Amino acid sequence: MTRCFDKLRSPLLLVLRLMFGWQLFQTGKGKLENIDRFTNFLAHLDIPMPAANAHFVASLECVGGLLLLLGLASRLIAIPLTINFIVAYLTADKEAVINFFKDQDAFTSAAPFLYLLVSLIVLAFGPDSFRSMS
């Protein structure tokens, strides 16, 4: 079973990395193109320094998506992306996080869930994660 998973891990991670990278690149690019709207959205959520945070998040998603697409530093870029999506949960979907044990459907249907899940998968099972074990 372990050998089968190890052989399937690379193609699965490649597909996830490419799809996730393209999606992140597109959303980051869209946020950068509409930075005023994104800044107003963050200001509406009462996030401190909305302009600086808007530029940071949009740049992180754009650069992170590009790095994932190219396959460069996949595990390394997954760290700030994971933190970014955790913060997104805590700001935009705080009720889903608070009521995680009462209503898992609200947590899994929230917008950042798929991004957080894939970033955790890339972080945990990224390139060279099992090299030392074999």
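Going along each chain's sequence as written, the residues are numbered from 1 onward. With the structure being a predicted model, the display of local features is reserved for residues of pLDDT at least 70 and the display and counting of side-chain atom pairs for 80 or more, all residues being used for whole-chain, interface and lining totals. Excluding hydrogens and water, the side-chain figures rest on all heavy atoms present in the structure.

**Student:** An account of the packing of helix H3 (residues 50-70) against helix H4 (residues 74-92) is requested, with residue identities and associated values reported.
**Tutor:** Look at H3 against H4: their axes get within 10 Å of each other, and the N-to-C directions meet at 150°. When you trace H3 past H4, the crossing you get is left-handed. Judged by residue contacts, Val 57, Leu 60, Glu 61, Gly 64, Leu 67 and Leu 68 of H3 engage Ser 74, Ile 77, Pro 80, Leu 81, Asn 84 and Phe 85 from H4. Within the contact of H3 with H4, the residues separate by chemical class into eight nonpolar, three polar and one charged. Axis lines are fitted to C-alpha atoms, over the contacting stretch for helices. Their N-to-C directions set the angle, which ranges from 0 to 180 degrees. Where helices and strands are cited, they refer to DSSP runs of H or I of at least four residues and of E of at least two residues respectively, numbered from the N terminus. Less than a right angle of anticlockwise turn of the near helix away from the far helix marks a crossing as left-handed, whereas a clockwise turn marks it as right-handed. We call two residues contacting when some pair of their heavy atoms lies within 4.5 Å. Side-chain classes follow a simple rule in which Ala, Val, Leu, Ile, Met, Phe, Trp, Tyr, Cys and Pro form the nonpolar group, Asp, Glu, Lys and Arg form the charged group, and the remainder, Gly included, forms the polar group.

**Student:** Can you lay out the packing of helix H2 (residues 35-44) against H3 for me, pointing to particular residues and giving the numbers?
**Tutor:** Orientation of H2 relative to H3, taken along the N-to-C sense of each, is 120°, at an axis distance of 8 Å. Judged by the inter-axis angle, H2 sits oblique to H3. Regarding H2 and H3, the two cross each other, and that crossing is right-handed. Contacts between H2 and H3 pair Ile 35, Phe 38, Thr 39, Leu 42 and Ala 43 from the former with Pro 50, Ala 51, Asn 53, Ala 54, His 55, Val 57 and Ala 58 from the latter. Split by residue class, the contact of H2 with H3 holds nine nonpolar, three polar and no charged. Oblique is the label for every angle not falling under 35 degrees (roughly parallel), over 145 degrees (roughly antiparallel), or within 65 to 115 degrees (roughly perpendicular).

**Student:** Run through the environment of Leu 45, naming residues and quoting values.
**Tutor:** Here Leu 45 lies in the loop between H2 and H3. Each C-alpha atom of the pair Leu 45 and Ala 92 lies 7.5 Å from the other, and the pair is 47 residues apart in sequence.

**Student:** Account for the packing of aromatic side chains, naming residues and giving values.
**Tutor:** Only Phe, Tyr and Trp rings take part, Trp by its six-membered ring, and two of them pair if their centres are within 6.5 Å. Stacked means planes under 30 degrees apart, edge-to-face means over 60, and tilted covers everything else. Throughout the structure, instances matching the rule amount to four aromatic pairs. Aromatic pair Trp 22 and Phe 25: ring centres 6.2 Å apart, planes at 35°, arrangement tilted. Remark: Phe 25 and Trp 22 occur in helix H1 (residues 2-33); sequence separation between them is three residues, near one turn of the helix.

**Student:** Describe the nonpolar core, with residues and values.
**Tutor:** Membership of the largest hydrophobic core comes to 14 residues, with the highest contact counts inside it found for Phe 20, Leu 24, Leu 68, Leu 81 and Phe 85. Going through the elements one at a time, H1, H3, H4 and helix H7 (113-125) are the ones with two or more residues in this core. If you look at the next biggest cluster of nonpolar residues, it comprises seven residues, including Phe 38, Leu 42, Ala 54 and Val 57. Buried Ala, Val, Leu, Ile, Met, Phe, Trp, Tyr and Cys residues that are joined via side-chain atoms within 4.5 Å together make up what is termed a nonpolar core. Exposure classes here rest on a 1.4 Å probe applied to the protein chains alone. A residue is buried below 20% of its type maximum, exposed above 50%, and partly exposed in between.

**Student:** With reference to specific residues and values, describe the side chain of Thr 39.
**Tutor:** As for its position among the elements, Thr 39 is in helix H2. Thr 39 gets classed as buried once you look at its relative accessible area, which sits at 16%. Two N or O atoms count as a polar contact when they lie within 3.5 Å, although within protein this holds only if one can serve as hydrogen donor and the other as acceptor, and sequence-adjacent residues are included solely when both atoms are side-chain atoms. Polar side-chain contacts of Thr 39 include one of 2.7 Å to the backbone oxygen of Ile 35. If sequence neighbours within four positions are ignored, Thr 39 has contacts with Pro 50, Ala 51 and Ala 54.

**Student:** Which residues make up the pattern of salt bridges, and what values go with them?
**Tutor:** Any Lys or Arg side-chain nitrogen found within 4 Å of a carboxyl oxygen on Asp or Glu counts as a salt bridge. Across all of its chains, the model carries one salt bridge by this definition. Between Glu 61 and Lys 31 there is a salt bridge, and its shortest N-O distance comes to 2.9 Å. Of this pair, Glu 61 sits in helix H3 while Lys 31 sits in helix H1, placing them 30 residues apart in sequence. Using a relative accessible area of 4% as the deciding quantity, one classes Glu 61 as buried.

**Student:** Outline a nonpolar patch on the surface, listing residues and values.
**Tutor:** Residues form patches when they are more than 30% accessible in relative terms and have no salt bridge. Like charges link within 9 Å. Nonpolar side chains (Val, Leu, Ile, Met, Phe, Trp, Tyr) link within 5 Å. With residues, only the protein chains shown are counted as cover, and all accessible areas are computed by Shrake-Rupley using a 1.4 Å probe. A contiguous nonpolar patch, built from Leu 76, Ile 79, Ile 83 and Val 87 and spanning about 370 Å² of accessible area, is present on the exposed surface. Mapping Ile 83 onto the fold places it in helix H4.

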